[in-house]
Amino acid sequence: MTDIMTPALGESVSEATVARWAKKVGDAVKKDEVLVELDTDKVSLEVAAPSDGVLDSIDAAEGATITPGTVLGRMSAGEGKAAATPAPKVAAPAAPVADLPLSPAANRVVTEGGLDPAAIAGTGKDGRITKGDALAALETRSAAPAPAAAPAARRPVHELEERVRMTRLRQTIARRLKEAQNSAAMLTTFNEADMSGIMALRNEFKDVFEKKHGVKLGFMSFFVKACVNALKAVPDVNAEIDGTDLIYKNHYDIGVAVGTEKGLVVPVVRNADQLSMAEIEKTIGDLGKRARDGALALEDLQGGTFTITNGGIYGSMMSTPILNAPQSGILGMHAIKERAVVVDGKIEIRPIMYLALSYDHRVVDGQGAVTFLVKVKEAIEDPTRLLLDL
Amino acid sequence: MAQYDVVIIGAGPGGYNAAIRAGQLGMSVAIIEGAPTLGGTCLNVGCMPSKALLHASEMFEQANKEFAHLGIEVSPRLNLKQMLAQKAESVTALTKGVEFLMKKNKVDWIKGWGSITGPGKVAVKGADGAVQTLEAKNIVIATGSEPAALPGVTVDNKRILDSTGALSLPEVPGSMIVIGAGIIGLELGSVWRRLGAQVTVVEFLDRITPGMDEEVAKTFQRSLTKQGMTFKLGSKVTGAKATAKSVEVTVEPVKGGSAETLKADYVLLAIGRRPYTTGLGLESVGIVPDKRGVIANDHGKTSAPGVWVIGDVTTGVMLAHKAEEEGVAVIELIAGKAGHVNYGLIPSVVYTSPEVAWVGKTEEELKAAGIVYKSGKFPFSANSRAKINHETEGFVKVLADAKTDRILGVHMIGPQVGEMVGEYCVAMEFSAASEDVARTCHPHPTRSEALRQAAMGVEGWTMQA
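Being a predicted model, the structure only gives us computed values, none of them experimental.

## Digging into the packing of aromatic side chains
In the structure shown here, the tally under the stated rule is one aromatic pair over all chains. A ring pair is formed by F306(A) and F372(A), whose centres lie 5.4 Å apart and whose planes are at 50°; its orientation type is tilted. Here F306(A), found in strand β16 (residues 306-310), pairs with F372(A), found in helix α8 (residues 366-381); they are 66 residues apart in sequence, far enough to count as distant. The exposure classification of F306(A) matches that of F372(A), with both residues buried. Sitting over the face of the ring of F430(B), K125(A) holds its NZ or CZ atom 5.7 Å from the ring centroid.

Here you go:
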């Protein structure tokens, strides 16, 4: 009998949820076949069979919260066996049974604390809520930074409405965004960039570029390079607050937000200052594909120092992005629209993109933020500045 | 050749309960037992007869020492022959009861001694020497245990007794030496002390009843000493020599020092039990017991496919109710159900007076594991029913997790506590907090109120002391 263990979930991830069992008890499985999928705060993980055999038991049912080292289930070697001896039934803690009466102590804690028993995961027999579970729920609530308002009783769902549990990823996104808003002194500064230069450059070189590097020349590599250049000029934007200290980061790991079916993820282009334009394009292409396939690893998502988000692909004209804590800056790109602008005293039609920089005013002064955005604008309007390190 | 879904070797509490469960689940089942009656050690020469003598001897002692205080004047006279006869009657009735349960659940009792001869094959040798072979899809080993031996002390069951011999002495000894201050030694020592023997208990360790919470063990020893039992702890028995009328036991301090010779009419050797696997044919299926004779198991399975093991002969405490629990679990696993034994919640009871009972972790175990706990204690001297009955010795102690309040262990010494520990087994099986018991109404006046008051003590609101 082999235990199927919860694998290491990566740094700073302490727990996961069992999303789906791909196999049933008694199923024959081949080595490396996916047994179970786990959701963590950041990514989905798949746990594969360590060897050929039969799944004997499922110890962590779908929806169960688990930590590294938790036994998910057990499997044994051999095949025909499952047929001969029916595998033991799942002894996993069932989902909390809402209509079970509470024990006297749990009832006291829930009543005095104004807790919603339906929102507490029970660890007792058959998923019952123990006093310890209720106390933990009380503690979590009082530890929450904002008064998460005594959880209101679940409101009834109208027949034209549907209640869907948030995925762990969605819950994490929600929590992180709110945390960023609660902690940072966040505000946004705007500018605009004339894209005609960069578009001309791209039109001129896109074929030779693709031929040589095997990847299309897009706008993102220009923006990544422009941001790295601006971060070097205004190091505050690449810093983060740690208690009463500031940590300045002399590495440039640029997060690029990617929309996926499950929600927004932000994989990181590492050491972007050392990559060529082609390498940046390739990295972004690869991360984006893996994000949409749900195949990102945790380390792909960790340790970014600055983030770029492009609402323009959905047609956004103007937005105020929220920081990706603990970072201090995020650049918002938007849709390119032809607009009448004045160039050298004449009205001309130019492709214009509005740029937004949201920043943490605790770290970055207004002057720094504006300077940063102007630097980005200048580099985009005339990429030769990047070449000359201006 | 007779074919069965399950063949169980041994008809003790593990085996016969497994057989009943198998019958209930519609399996064809045979139980092999060579002794003339069913029930194994527990019913024939263990729990049951010892409880019969403990009860009778306690009545005798009460009649002698306590009735007068209650205003009942009697001069009791011991009729040992009758006391042993009523014990035998009860035992017979119980073994017949098991026989009835076998019939009721369509279990075949194959009389004889079983041995495994290969995968799925069990040979049974009857009293007449005839051998029959059974074919079994599943074999359950439930052969139990026998009293452990001590070099230099040869049990003859005339003067040097094991627990079986001590249950049927034809006379009350003037003096008795009990080797081993475990549960069996103290129970049987209590029986003969109550009936008139001078009892000296010799124990290798420097405490009695290992495994029992230390605070309880100290109170227990004080109580037994007050009753007239003598203890020689930290003492090693190096030999016993029997003559026609007495025994000489040589004892030396474990720490070193000069040996001494103790003399008594009888000696009871009760230093524990060892797994019984003689003639079981384990080698035919490649099972190798460890050097103490224990057969290992993984959720009831041995290393041999289709061979299961339960009770004293495998790992864990040697208690009838543990074997019973395993018997049911193993049969349910064979049937594809979710059989399970919660080894953390197997209660222990000592049927002396006062009784001792506990379940879960001792304070020593919690400290060793680094678990932070709170404790609540309530003495029976503050319990109304115990006071009225003049049974005020002892206390209840509840240990609970300091953070979650989950009950981790309960330890009791006092009147009838063996009957009350089950309340905490249920509570703990449901992961109860001490407050759960503290907030559960208990009948008044009963001794069980002490259980609630002790639970209240964990969070500091004991009301009646």
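## Quick notes on the packing of helix α6 (residues 220-233) of chain A against helix α7 (residues 277-293) of chain A
Axes are the key here: two packed helices are described by the angle between their axes and the distance separating the axes. Residues and elements named next belong to chain A. At their nearest, the axes of α6 and α7 sit 9 Å apart, and the two run at 115° to each other. Considered as vectors, α6 and α7 are oriented roughly perpendicular to each other. The handedness of the crossing between α6 and α7 comes out as right-handed. The segment α6 lies against α7, with M220, S221, F222, V224 and K225 engaging M277, I280, E281 and I284. Looking at the contact of α6 with α7, its residues break down into six nonpolar, one polar and two charged.

## Here we look at helix α1 (residues 13-24) of chain B
Residues and elements named next belong to chain B. Helix length check: α1 (12 residues) gives 16 Å between terminal C-alpha atoms against 16 Å at 1.5 Å per residue, within 8%. Counting buried positions along α1 yields 11 of 12 residues, so the element is predominantly enclosed. Among the residues making up α1, those that are buried are P13, G14, G15, Y16, N17, A18, A19, I20, R21, A22 and G23. For α1, the secondary structure elements touched by its buried residues are β1 (2-9), β2 (29-33), α2 (40-45), α5 (80-104), β3 (107-111) and α9 (320-334).

## Structural notes on the sheet that holds strand β3 (residues 28-29) of chain A
Taking strand neighbours across the sheet as the criterion, the four strands line up as β1-β8-β6-β3 (chain A) in an open arrangement whose pairing is antiparallel. Among the strands making up the open sheet, the edge pair consists of β1 (2-5) and β3 of chain A.

## Regarding unusual backbone geometry
Cis geometry marks the peptide bond from S353(B) to P354(B); its omega dihedral reads -5°. With respect to the secondary-structure elements, P354(B) resides in the loop between β18 (348-350) and β19 (355-360). The linkage connecting H444(B) with the following residue, P445(B), adopts the cis geometry, with an omega of -5°. In this structure, D126(A) is a non-glycine residue whose phi angle is positive, near 55°. As for its position among the elements, D126(A) is in the loop between α2 (104-113) and α3 (131-143).

## A word on the pairing of strand β6 (residues 131-141) of chain B
All names here are of chain B. Summarising the sheet, β1 and β6 pair through seven bridges and their orientation is parallel. Residue pairing in the sheet places V6 in a bridge with N138 of β6. Summarising the sheet, strand β5 (residues 121-125) and β6 pair through five bridges and their orientation is antiparallel. Looking at β6, one finds that K121 is bridged to E135. Linking β5 to β6, which pair antiparallel, is a turn of five residues; within it G129 sits at a positive phi near 90°. Relative to strand β17 (residues 307-309), β6 runs parallel, the two being bridged by three bridges. What sits directly across from I139, in β17, is V307.

The rules behind each value
- Residues numbered from 1 in each chain as written.
- Chains lettered and ligands numbered in written order.
- Predicted model: local features only at pLDDT ≥ 70, side-chain atom pairs only at ≥ 80, totals over all residues.
- Heavy atoms only, no water.
- Phe/Tyr/Trp six-rings, centres within 6.5 Å; stacked < 30°, edge-to-face > 60°.
- Helix = DSSP H or I, 4+ residues; strand = E, 2+ residues; numbered from the N terminus.
- Buried < 20%, exposed > 50% of the residue type's maximum accessible area, 1.4 Å probe, protein only.
- Lys NZ or Arg CZ within 6 Å of the ring centre and 35° of its normal.
- Axes fitted to C-alpha atoms, helices over the stretch in contact; angles between N-to-C directions.
- Parallel < 35°, antiparallel > 145°, perpendicular 65-115°, else oblique.
- Left-handed = near helix turned anticlockwise from the far one by under 90°.
- Contact = heavy atoms within 4.5 Å.
- Nonpolar A, V, L, I, M, F, W, Y, C, P; charged D, E, K, R; others polar.
- Expected span 1.5 Å × (residues − 1).
- Pairing = 2+ DSSP bridges.

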